[in-house]
Amino acid sequence: ECWAMSSDSYVREAVKVVEQFQECDGKKWKKPTTPFPRLNYQPELNDFPLFEPEMISRYQQLIGILRWGCELGRLDILLEVLLLSA
């Protein structure tokens with residue numbers, strides 16, 4: 001006996017998880033026009049404040065969801081996911 005999940009099921013569940021994060025935050029995230037709107041992304045110049053431990057965990061979860069999306073065939077977002085996870 002083994003466990004299995006289709007890529008469609010995984011994506012549906014991943015969207016539910018992200019929607020739950022939105023509900024916890026009490027706000028709606030903006031829908032981007034592209035997967036990564038800033039073409040000149042330079043993380044070494046990032047001056048945003050550091051996340052609290054809870055948000056670090058959430059960010060890692062979101063990166064994990066995106067990486068699995070890449071594994072399941074969404075190669076079009078691979079570069080952006082790698083940049084965000086670095």
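This text goes with the structure placed above it.
Residues numbered from 1 in each chain as written. Predicted model: local features only at pLDDT ≥ 70, side-chain atom pairs only at ≥ 80, totals over all residues. Heavy atoms only, no water.

Chemist: Please provide a residue-by-residue account of helix 2 (residues 53–71), values included.
Modeler: With 19 residues, helix 2 extends 27 Å from end C-alpha to end C-alpha; this agrees with the ideal 27 Å at 1.5 Å per step. Among the residues of helix 2, those classed as buried are Arg58, Ile63, Ile65, Gly69 and Cys70. Buried residues of helix 2, seen end-on, are gathered within an arc of 155° and therefore sit on one face of the element. Exposed side of helix 2, more than 90 degrees from the buried face: Pro53, Gln60, Trp68 and Glu71 are the residues found there. Packed against the buried residues of helix 2 are helix 1 (7–25) and helix 3 (78–85). (Helix = DSSP H or I, 4+ residues; strand = E, 2+ residues; numbered from the N terminus. Expected span 1.5 Å × (residues − 1). Buried < 20%, exposed > 50% of the residue type's maximum accessible area, 1.4 Å probe, protein only. Arc of directions from axis to C-beta. Contact = heavy atoms within 4.5 Å.)

Chemist: Describe the environment of leucine 83, and please don't skip the residues or the numbers.
Modeler: Topologically, leucine 83 is positioned in helix 3. Residues leucine 83 and alanine 4 lie 79 residues apart in sequence; the distance between their C-alpha atoms is 29 Å.

Chemist: Go over the layout of surface pockets, please, and point to the residues and values.
Modeler: Taken as a whole, the largest pocket spans an internal volume of roughly 2,500 Å³. Those elements giving two or more residues to the lining of the largest pocket turn out to be helix 1, helix 2 and helix 3. It is helix 2 that contributes the most residues to the lining of the largest pocket, ten residues altogether. Broken down by class, the residue content of the lining of the largest pocket amounts to 29 nonpolar, nine polar and eleven charged. (1 Å grid on protein atoms, 1.4 Å probe; cavity = no way out; pocket = protein on both sides within 12 Å on 5 of 7 lines; lining within 4 Å. Points joined across faces, edges and corners; volume = space filled by probe spheres on them. Nonpolar A, V, L, I, M, F, W, Y, C, P; charged D, E, K, R; others polar.)

Chemist: Give me the lowdown on the pattern of salt bridges, citing residues and values where you can.
Modeler: Scanning the model with the defined rule gives three salt bridges in all. We note a salt bridge from arginine 58 to glutamate 54, for which the minimum N-O separation is 4.0 Å. On the criterion of helical spacing, the pair formed by arginine 58 and glutamate 54 is a turn pair, its members being four residues apart in helix 2. Accessibility expressed as a relative area gives 7% for arginine 58, which makes it buried. We note a salt bridge from arginine 74 to aspartate 76, for which the minimum N-O separation is 2.7 Å. (Salt bridge = Lys/Arg side-chain N within 4 Å of Asp/Glu carboxyl O.)

Chemist: Go over helix 1, please, and point to the residues and values.
Modeler: Side chains three or four residues apart in an α-helix point the same way, a direct result of the helix having 3.6 residues per turn. The end-to-end C-alpha distance of helix 1 is 27 Å, a good match for the 27 Å that 19 residues give at a rise of 1.5 Å each. Within helix 1, the full set of buried residues consists of Tyr10, Ala14, Phe21 and Gln22. Across the axial projection of helix 1, the buried residues extend over an arc of 120°, all falling on one side. Residues of helix 1 that are exposed and point over 90 degrees away from its buried face: Asp8, Arg12 and Glu23. Packed against the buried residues of helix 1 are helix 2. Positive phi shows up at glycine 26, right after helix 1, with a value of about 75°.

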